[in-house]
Amino acid sequence: MTKKERVYASFQAAFPQTLPIMAGFLFVGTAYGIFMHSLGFHPLYAIGMSLLIFAGSMEFVAGHLLIGAFQPMYAALLTLVLNSRHLFYGLSLLRPYHDAGLKKYYLIFGLCDESFAVNSSARVPDHVDTGWFMFFVTLLNHSYWVAGAALGSIAGKYMPVNTEGLTFVMTALFTVIFLDQWMDESSHQSSVIGLGVTFLCLLLLGPGHFILPALVLILCVLLLMEKRPKRREALNQ
């Protein structure tokens, strides 16, 4: 198989994996575009921000930041807090991205919850190049978001729509992805740990502060679980 054929095969494998995300991103991206229009921004702002920032929740917040007083340090810290979960996504993708060549720079920029969910769980066929597969998953998801933002910002003045509740589309999408992974797992240990630790942090810290501590605890528990078998093998040897 030639390089061109492998690239095309990678696109063919990636596209169906992103179809559920396309549905979610078009809805939420359109809501974002309408939201930016309601704040008085030209469509180019919504399109440019969705193209260059590509961080869903932060883009909604950025709209309010742009109409308020200029506070770059506050904006930087807020962005870090809102997207801190990407630190943990990045750690788990160090090895796959390392082998992706120059494509890894776009993969790092375009990393989002949905692309992480697909790239970390999809079963890539043997004839498909993994680097190109991850690249097309990321590129397609990025394009869906930009298209939704463009549609919403341009059509917003002609279609006054109540966008309340539209963001739940992504919650439903992640529920489906989680259930799909659950059904494919031979052991549900990691999933149960994730659910348990998240629920505990939610009870102790509340809905506004539980995400980052939950991610840290989940990572620590999974790392400890991974080290135990290695220690046992070393002791047996």
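Residues numbered from 1 in each chain as written. Predicted model: local features only at pLDDT ≥ 70, side-chain atom pairs only at ≥ 80, totals over all residues. Heavy atoms only, no water.

## Some details on the packing of aromatic side chains
1) Next: Inspection of the entire model under this criterion finds 14 aromatic pairs.
2) Next: Centroid distance Phe-25 to Phe-54: 6.4 Å. Interplanar angle 90°. Geometry classified as edge-to-face. Highlighted residues: Phe-25 in helix H1 (residues 3-38) and Phe-54 in the loop between helix H2 (43-52) and helix H3 (56-66), separated in sequence by 29 residues. Here Phe-25 and Phe-54 have matching classes, each one buried.
3) Next: Here the aromatic rings of Tyr-32 and Phe-60 are separated by 5.3 Å at their centres, their planes lie at 70°, and the arrangement is edge-to-face. Highlighted residues: Tyr-32 in helix H1 and Phe-60 in helix H3, separated in sequence by 28 residues. (Phe/Tyr/Trp six-rings, centres within 6.5 Å; stacked < 30°, edge-to-face > 60°. Helix = DSSP H or I, 4+ residues; strand = E, 2+ residues; numbered from the N terminus. Buried < 20%, exposed > 50% of the residue type's maximum accessible area, 1.4 Å probe, protein only.)

## Quick look at the nonpolar core
1) Next: The biggest cluster of nonpolar side chains holds 37 residues, and the ones touching the most others in it are Phe-25, Tyr-32, Met-36, Phe-133 and Trp-145.
2) Next: For this core, the elements supplying multiple residues, two or more each, are H1, H2, H3, helix H7 (103-109), helix H8 (113-121) and helix H9 (130-155).
3) Next: Ignoring sequence-local partners within four residues, the contact set of Phe-133 consists of Ser-10, Ala-13, Ala-14, Gln-17, Asn-119, Ala-122, Val-124 and Val-128.
4) Next: With six residues, the next largest nonpolar core counts Cys-201, Phe-210, Ala-214 and Ile-218 among its residues. (Core = buried A, V, L, I, M, F, W, Y, C linked by side-chain atoms within 4.5 Å. Contact = heavy atoms within 4.5 Å.)

## Looking at the packing of H2 against H9
1) Next: Look at H2 against H9: their axes get within 9 Å of each other, and the N-to-C directions meet at 170°. Relative to H9, the element H2 is oriented roughly antiparallel. H2 and H9 meet at a crossing whose hand is right-handed. Residues Pro-43, Ala-46, Ile-47, Ser-50 and Leu-51 of H2 form the contact with H9, whose participating residues are His-142, Trp-145, Val-146, Ala-149, Ala-150, Ser-153 and Ile-154.
2) Next: Looking at the contact of H2 with H9, its residues break down into nine nonpolar, three polar and no charged. (Axes fitted to C-alpha atoms, helices over the stretch in contact; angles between N-to-C directions. Parallel < 35°, antiparallel > 145°, perpendicular 65-115°, else oblique. Left-handed = near helix turned anticlockwise from the far one by under 90°. Nonpolar A, V, L, I, M, F, W, Y, C, P; charged D, E, K, R; others polar.)

Shape is all these values report; function is a separate question.
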